[in-house]
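In case you want the letters, here they are:
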Amino acid sequence: MSSESPLRVIFAAFLRSGLRARRTRLFILLGLVPALLMIAVRLLEGSGAVETGASGQFFSHLMLSLYFQLLIPVLALFFGSGVVNEELDNKTLVYLTSVPVRRRDVLLGKYLAAFLLAALLVAAGFLLSFLASALERLGDAGAWAELGLFLGTALLALLCYSALFTALGAFMKKSILLGLFFVFGWESVVQYFPGVTQKFTIVHWIKSLLPLPPGQNSFLVFQLQPSPPMQSVLTLLVLGALFLALAVFIFERKEYILSDNA
Amino acid sequence: MNPVLRAEKLCKWYGNILGISDITLEVGPGITGLLGPNGAGKSTFLKIAAGQLKPKLGSLALFGEPSWRNPGMFRRVGFCPENDSAYGEMSGADFVLLLARLHGFAGARAREAAGKALATVGLLESGGRAVKSYSFGMRQRLRLAASIVHEPELLLLDEPLRGVDPLWRIRIMELIKEYGRQGRAVIVSSHILPEIEAMTSEIVLIHQGKIFAKGDIHRIRGLIDRHPHQVSVRGPRPRQLAARLIDGDFVSGVEFAADGRGLTVRTGQRDRFFAELMRLAAEPGAGVEEITAPDDNLQAVFDYLIGK
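Predicted, not measured: the structure shown is a model, and the values here were computed from it. (Residues numbered from 1 in each chain as written. Chains lettered and ligands numbered in written order. Predicted model: local features only at pLDDT ≥ 70, side-chain atom pairs only at ≥ 80, totals over all residues. Heavy atoms only, no water.)

Undergrad: Please clarify how the overall build of chain A should be interpreted in this entry.
TA: Across its full length, chain A carries 9 helices and 0 strands. Mapped from its N terminus to its C terminus, chain A presents α and β elements in the order α-α-α-α-α-α-α-α-α. Here the C-alpha radius of gyration of chain A, 20 Å, is about what a compact globule of 262 residues would show, namely 18 Å. Counting only C-alpha atoms and orienting by the principal axes, one finds that chain A spans roughly 65 × 40 × 35 Å. The buried share among the 262 residues of chain A stands at 50%. On chain A, roughly 11,900 Å² of surface is accessible, and the fraction owed to carbon and sulfur atoms is 71%. In chain A, 19 side chains carry a positive charge and 14 a negative one; their mean positions are 7 Å apart. (Helix = DSSP H or I, 4+ residues; strand = E, 2+ residues; numbered from the N terminus. Rg over C-alpha atoms; globule rule 2.2 N^0.38 Å. Buried < 20%, exposed > 50% of the residue type's maximum accessible area, 1.4 Å probe, protein only. Areas by Shrake-Rupley, 256 points an atom, 1.4 Å probe, with all protein chains shown as cover. Lys, Arg positive; Asp, Glu negative; His and termini not counted. Charge placed at Lys NZ, Arg CZ, Asp CG, Glu CD.)

Undergrad: Sorry if this is basic, but what is going on with the sheet that holds strand 5 (residues 65-66) of chain B here?
TA: Hydrogen bonds along the backbone pair up the strands of a sheet, which may run parallel or antiparallel. All names here are of chain B. Strand order in the open sheet made by the 4 strands is 2-1-4-5, with antiparallel pairing throughout. Taken across any chain shown, the strands that pair with only one partner, and hence form the sheet edges, are strand 2 (17-27) and strand 5. Across 7 bridges, the pairing between strand 1 (residues 5-14) and strand 2 is antiparallel. Paired with W13 across the bridge in strand 2 is L18. Here helix 1 (residues 42-49) sits on the sheet in contact with strand 1, strand 2 and strand 4 (57-62), set at roughly 120 degrees to strand 1. (Pairing = 2+ DSSP bridges. Contact = heavy atoms within 4.5 Å. Axes fitted to C-alpha atoms, helices over the stretch in contact; angles between N-to-C directions.)

Undergrad: So what exactly am I meant to see when it comes to the interface of chain B and chain A here?
TA: A common measure of how large an interface is: the accessible area buried when the components associate. Taken together, the contacts link 39 residues of chain B with 36 residues of chain A. Together, the buried faces of chain B and chain A total about 3,400 Å²; carbon and sulfur atoms form 57% of this surface. Area buried by chain B at its contact with chain A is led by B:Y87, B:E89 and B:L102, which between them contribute 20% of it. Counting across the chain B and chain A interface gives 3 salt bridges. Between B:K12 and A:E255 there is a salt bridge whose closest N-O contact spans 2.6 Å. Here chain B is connected to chain A by 10 residue pairs in polar contact (both at pLDDT 80 or more). Every element with two or more residues in the side of chain B that touches chain A is listed here: strand 1, helix 1, helix 2 (92-102) and helix 3 (107-120) of chain B. Residue contributions to the side of chain B that touches chain A peak at 6 residues, all from helix 2 of chain B. Classifying every residue of the side of chain B that touches chain A gives 16 nonpolar, 12 polar and 11 charged. (Buried area = accessible area lost by both parts, 1.4 Å probe. Salt bridge = Lys/Arg side-chain N within 4 Å of Asp/Glu carboxyl O. Polar contact = N/O pair within 3.5 Å; in protein donor to acceptor, adjacent residues only side chain to side chain. Nonpolar A, V, L, I, M, F, W, Y, C, P; charged D, E, K, R; others polar.)

Undergrad: What am I meant to see in the confidence of the model for chain B here?
TA: When pLDDT drops low, the exact placement of atoms in the prediction is not to be read closely. The share of residues in chain B with pLDDT of 70 or more is 92%, and the mean pLDDT across the chain is 89. Predicted as a complex, the structure gets a pTM of 0.83 and an ipTM equal to 0.86. (pLDDT = per-residue confidence, 0-100.)

Undergrad: So what exactly am I meant to see when it comes to the sheet that holds strand 9 (residues 202-207) of chain B here?
TA: Residue and element names in this part refer to chain B. If you trace the 6 strands from one edge of the open sheet to the other, you get 6-7-8-3-9-10, paired in mixed fashion. Of all strands in the sheet, those with a lone pairing partner are strand 6 (77-80) and strand 10 (210-216), marking the two edges. The sheet shows a mean angle of 15 degrees between the axes of neighbouring strands, direction not considered. Bridge count for strand 9 against strand 10 is 6 bridges, and the pairing is antiparallel. Each bridged residue has a counterpart across the sheet, and for V204 the counterpart in strand 10 is K214.

Undergrad: For this particular structure, what's the right way to read a nonpolar patch on the surface?
TA: Residue and element names in this part refer to chain A. Nonpolar side chains collect at one region of the surface, where I28, L29, L32, L36, I39, L43 and L128 lie side by side and expose about 650 Å² of accessible area between them. Looking at which element gives the most residues to the nonpolar patch, the answer is helix 2 (residues 22-47), with 6 residues. Among the secondary structure elements, L29 is positioned in helix 2. (Patch = residues over 30% accessible without salt bridge, like charges linked within 9 Å, V, L, I, M, F, W, Y side chains within 5 Å.)

Undergrad: I would appreciate a short explanation of the environment of A:G18 in the present structure.
TA: All names here are of chain A. The residue G18 is located in helix 1 (residues 6-20) in this model. Counting along the chain gives 98 residues from G18 to L116, while the straight-line C-alpha distance between them is 10.0 Å. Those residues in contact with G18 that sit more than four places away from it in its chain are T24 and L117.

Undergrad: Just to check I follow, could you spell out the pairing of strand 9 of chain B for this structure?
TA: Side chains on a regular strand alternate between the two faces of the sheet. All names here are of chain B. With respect to burial, strand 9 is a largely interior element, 5 of its 6 residues being buried. Judged from the 3 bridges that link them, strand 3 (residues 30-35) and strand 9 form a sheet pairing that is parallel. For L35, the partnering residue across the bridge sits in strand 9 and is L205.

Undergrad: Before we go on, may I ask you to explain the side chain of B:Q140 in this structure?
TA: All names here are of chain B. Counting through the fold element by element, Q140 comes out in helix 4 (residues 136-148). Within polar-contact distance, the side chain of Q140 engages the backbone oxygen of R162 at 3.1 Å. Dropping the residues within four chain positions of it, Q140 is found in contact with P81, E159, P160, L161, R162 and V164.

Undergrad: Any chance you could explain helix 6 (residues 141-171) of chain A here in plain terms?
TA: Think of an α-helix as 3.6 residues a turn; residues three or four steps apart then line up on the same face. Along its 31 residues, helix 6 of chain A runs 45 Å from first to last C-alpha, staying within 8% of the 45 Å computed at 1.5 Å per residue. Near the N-terminus of helix 6 of chain A, the side chain that reaches the backbone nitrogen of A:G142, with its oxygen 2.9 Å away, is that of A:D140. (Expected span 1.5 Å × (residues − 1).)

Undergrad: Looking at this structure, how should I read the layout of surface pockets?
TA: Where empty space is left can be seen by rolling a probe of water-molecule size over the atoms. Of the pockets and cavities examined, the largest pocket occupies roughly 460 Å³. Every residue lining the largest pocket is counted, 22 residues in all, and those nearest its centre are A:S17, A:A21, A:R23, A:E86 and B:E89. Among the elements of the structure, helix 1, helix 2, helix 3 (54-89) and helix 5 (103-133) of chain A are those that each provide at least two residues to the lining of the largest pocket. Ranked by residue count, the leading element in the lining of the largest pocket is helix 3 of chain A, at 5 residues. Approximately 300 Å³ is the volume found for the second largest pocket. B:K116, B:I148, B:V149, B:E151 and B:Y179 are, among the 16 residues lining the second largest pocket, the residues nearest its centre. Elements that contribute at least two residues to the lining of the second largest pocket include exactly helix 3 and helix 5 (166-181) of chain B. In terms of residue count, the dominant contributor to the lining of the second largest pocket is helix 3 of chain B (6 residues). Considering only residue class, the lining of the second largest pocket consists of 7 nonpolar, 3 polar and 6 charged. (1 Å grid on protein atoms, 1.4 Å probe; cavity = no way out; pocket = protein on both sides within 12 Å on 5 of 7 lines; lining within 4 Å. Points joined across faces, edges and corners; volume = space filled by probe spheres on them.)

As structure tokens, then:
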């Protein structure tokens, strides 16, 4: 009767409704904050209030601290955990589980839509920040390579974090709190532990792919003992796949009770 | 003939709270009313049937197949849940079209199926609006459209008339009856007896998680009609009205309201009492302002039937 893949149907429908959602508009505003900061630094640089070249350094700092340690995990948390949690909160899961579609297709379709939405938000913010910082270097291939590196790493980070939080959302109803604890507790602290301990964080593998920002002997980064880039890419991909497989495993088996008025 | 639904010793509880207990039931084509007060276990039963909940003990099969973790079954089954839930950002048309596509319809066929389902529930014109702008009754009709978009052989409807305006209530009841006439199976739940009575004579009474009675509604109706009812009447001349009513042997007691503007009548023969009351109320100068039946709800009837 149909040649349409249910995964694709779900992906397209939830990407469309995600683009219209109020929450997405809120995150667009949040994603613009770094770009606005970047523009502010450029203006200060132009007026001579800060030394010339400060915007280049600021761009690297901005990417590392604001995007990779804050915005990307937080976006992944809200979009990833929302894949299942939103359906439970709105009691809409029943519509997706009373159709002849495997639950894995439902979860993967929604995950891909959430990932793409978050990726678009991050990419737009990156591009704006980059344009603001490197306006006079747009012909410089090195500047574009740097943007490519940041963007590629951001996608890997989003893939991995979103998969983790999708699994968490499939496992428990109120997963945001635990997710926030993971982002601001575990990830923020353990990444600075010496030796192999820091490898138990996702952010370690992300940072290993990024150039160390100027001032690398500062307190926040002095403990980073980067892993080889290829190993980091593979680790992030494998972790993402494992978290996603776990999410599917849970979602296919778990009984979700949508009402207490049984 | 194989039953459409077969439940055997079906039990479900949520922690310490009992959902349903030891339900054994077979349902065939036609309309079956699932009647019981709020919290009786109707929704739990329908959710297990719709594969949304896993039985704790016992089994439930639709068309001979278990419903839990069996998505393929939904090609033949439609489920209209009781929750007032919706994708607020989607339009009504997009929502039904999404479900049509997930049911296996593609392209023009999907649009045609979605359009037909929306037209059936009177939402074709407002289909382009976001669901969050719909009234409660419209969302209820939208859920119904979603459950019939693939024209299932078995329709599970959990309180489908809740919040629907009187006109659409009649139309939806007619739609359900049409499904029954087509030889499909419909299981429809409600806590309102007349609603079920208007759709089918085959009912299952469910109370405190158990099947209390099953069969023809007329037999159950007989039991219910012998239940001593209380009816309150408000008006300016309650004593005159009481004097007229008390002549009938169907009245077993009368009590006047403290404010002198009402009375409560006890009767063991509901239908005869109401016939007489309506006749008196229609007389010029009767002054009957309001008639209410404080214990005429399903819980009271069930309490009576189980001998509380």
